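One-letter residues, chain by chain:
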Amino acid sequence: MENTEIKISLKDYLVDLFEKNKKSITSKDTSDQLLQREKAISYFKENGFPATKHEDWRFTNLAETIARKYNYTLLNNDKDLDISSVFKCDVVDLDTYSAILYNGWYSYKNDALTRFENGAVIGSLYEARIQFPEIFNKHYSKYIKPEKNSLDALNTAFATDGIFIYIPDNVVMEKPIQLISITKTPVDSMIQPRNLVVLGKNSHLQLIHCDDTLTHKFSFSNIVTEIFVDENAHIEHYKMQNNDDNSSLISSTYFHLESNAVATSNTITLNGGLIRNNLDFALNGEGCEANLHGIYLVDKNQLIDNTTFVDHIKPNCTSNELFKGIIDDKGKAVFNGKILVRRDAQKTNAFQTNRNILLTDEATINTKPTLEIYADDVKCSHGATVGQLDQEAMFYMRSRGISEENARMLLMYAFADEVITKISIEALREKVCQLVNRRLKGELSVCDQCVLHCSNHEPAVFNIDMSKI
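Residues numbered from 1 in each chain as written. Predicted model: local features only at pLDDT ≥ 70, side-chain atom pairs only at ≥ 80, totals over all residues. Heavy atoms only, no water.

> Is there a simple way to think about the pairing of strand β11 (residues 204-213) in this case?
For β11, the buried fraction is high: ten of the ten residues fall into the buried class. Neither face of β11 is left uncovered, since the one carrying His204, Gln206, Ile208, Cys210 and Asp212 and the one carrying Leu205, Leu207, His209, Asp211 and Thr213 both have all their residues buried. Here seven bridges tie strand β8 (residues 177-183) to β11, and the two strands are oriented parallel to one another. Following the sheet pairing, Ile182 is matched in β11 by Asp212. Bridge analysis of β11 against strand β13 (residues 234-242) gives nine bridges, and the strand direction is parallel. Following the sheet pairing, Ile208 is matched in β13 by Tyr238. (Buried < 20%, exposed > 50% of the residue type's maximum accessible area, 1.4 Å probe, protein only. Helix = DSSP H or I, 4+ residues; strand = E, 2+ residues; numbered from the N terminus. Pairing = 2+ DSSP bridges.)

> Looking at this structure, I do not really get the packing of helix α3 (residues 31-47) against helix α7 (residues 150-158). What am I missing?
Geometry of a packed helix pair, given as the angle between the helix axes and the separation of the axes. Interhelical geometry of α3 versus α7 gives an angle of 140° and a closest axis separation of 8 Å. Of the possible angle classes, the one that applies to α3 and α7 is oblique. Here the hand of the crossing between α3 and α7 comes out left-handed. Across from Gln36, Arg37, Ala40, Ile41, Tyr43 and Phe44 in α3, the residues of α7 making contact are Ser150, Ala153, Leu154, Thr156, Ala157 and Phe158. Among the residues making up the contact of α3 with α7, the classes are represented as eight nonpolar, three polar and one charged. (Axes fitted to C-alpha atoms, helices over the stretch in contact; angles between N-to-C directions. Parallel < 35°, antiparallel > 145°, perpendicular 65-115°, else oblique. Left-handed = near helix turned anticlockwise from the far one by under 90°. Contact = heavy atoms within 4.5 Å. Nonpolar A, V, L, I, M, F, W, Y, C, P; charged D, E, K, R; others polar.)

> How should unusual backbone geometry be read in this particular structure?
Phi at Asp93 takes a positive value of approximately 65°, unusual for a residue other than glycine. By the secondary structure assignment, Asp93 is in the loop between β2 (71-72) and β3 (97-102). Residue classification places Asp93 among the exposed residues on the basis of a relative accessible area of 70%. You will see that Asn316, though not glycine, has its phi angle at about 60°, which is positive. Topologically, Asn316 is positioned in the loop between β18 (303-312) and β19 (318-327).

> Quick question: what am I supposed to make of the packing of aromatic side chains here?
When we look at a pair of aromatic rings, we describe it by the centre distance and by the angle of the planes. Going through the model one piece at a time under the given rule, you end up with twelve aromatic pairs. Aromatic side chains Phe136 and Tyr140 sit 4.6 Å apart centroid to centroid with 15° between the ring planes, which places their arrangement in the stacked category. Each member of the pair Phe136 and Tyr140 is classed as buried. Considering the side-chain rings of Phe323 and Phe335, the 5.5 Å spacing of their centres and the 40° angle between planes classify their relative orientation as tilted. In this pair, Phe323 sits in strand β19 while Phe335 sits in strand β20 (residues 332-341), placing the two residues twelve residues apart along the sequence. Both residues of the pair, Phe323 and Phe335, count as buried. A connected cluster of aromatic rings, assembled from ring pairs, spans Phe44, Phe49, Tyr70 and Phe220. Over the aromatic face of Phe218 sits the side chain of Arg68, whose NZ or CZ is 3.6 Å from the ring centroid. (Phe/Tyr/Trp six-rings, centres within 6.5 Å; stacked < 30°, edge-to-face > 60°. Lys NZ or Arg CZ within 6 Å of the ring centre and 35° of its normal.)

In short, shape yes, function no, at least from these values alone.
Printed below as a string of structure tokens:
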């Protein structure tokens, strides 16, 4: 099918596109999948895109994003593309198994699915529903809420391809899996990939999810990822976002944890025009642990929204949440975090913190940490802070001969470092450190004069008493 330019509202265009191409979209569907799509498109048709009148979207306005004209393609037009000619990961010493989405489609040379000797599988979601129907049907679309979320519904209606990852029981992946989503088109485009990650009992996975735009065209990505973590399994999830200012990204990730499962999520947002991260954790078994960490750096007219929901369903579970933001220029950030402790979730430990630094009078943060507790034997806390750089610490460093610019850099880096140090993959942590340092300067080019020495791997050394900062 040829790309089609929108001549009507984006909502009406997408509904019309689905109805006209329903046969090709659903050609490989089971009866259950077909029903899911029909319910999803009906919900989207009735409710449309979320607007600021909805409480969860009060501070994130999609009006400008959805007013644009995008092209939407239902076919993979880049099957023969040599992905190495377009993208190469520049993280030094990062050894991973990679899976690449190019404009929403899984990119591969030989097989659509890669099978490992230990039974693990990585590859195309489209192909997985054919070759692994039992796993696919058991987990696909079981953890999202398309009947309550119109963007989830839209993705469910159109979902064609994405990444499928399956880790069997008792398997520990020796290397991280790197899921790379690349957007590069010659025209303004919309994509909606869908990812499914399934971890068996006692398994372990480190998953790095990178979102990159390699174009200056306007793009709108609506990505949904479902992650199932079975009993005693452990996942470390890293989301790296470095998108163009003309991009709009809605990234919704759903974690479902069974007994004694551990899920750690690290969201590093370096750049992007409009980014909304929806993180949803369901702690569905006793002894679960969820750790949510995030750092967001916002400037110009960018908007970064982190919306989290941790659902404590069963007793004896723990969740820890820490998000920190630095907002410059006319940038705008949103943190909307909710913890729900259900009546049966006794002996819950749940902690949530959001801290922000505003560098200008025009920078904005709207933060709303929330606790909703129905159990009586719990330890829970939440809080948010909004402030500026510590002037006493600034004066202390200036008095030791550090320039104002470098003093500001040091304070901002020290603020962000609490989240960066939670990255357990050394090569990734070093790269994030470099990128954050460069980003705090307002650009991503190396400056050899910077006191933080981003261009090499040597630590900066200062003859000052850091305990006073």
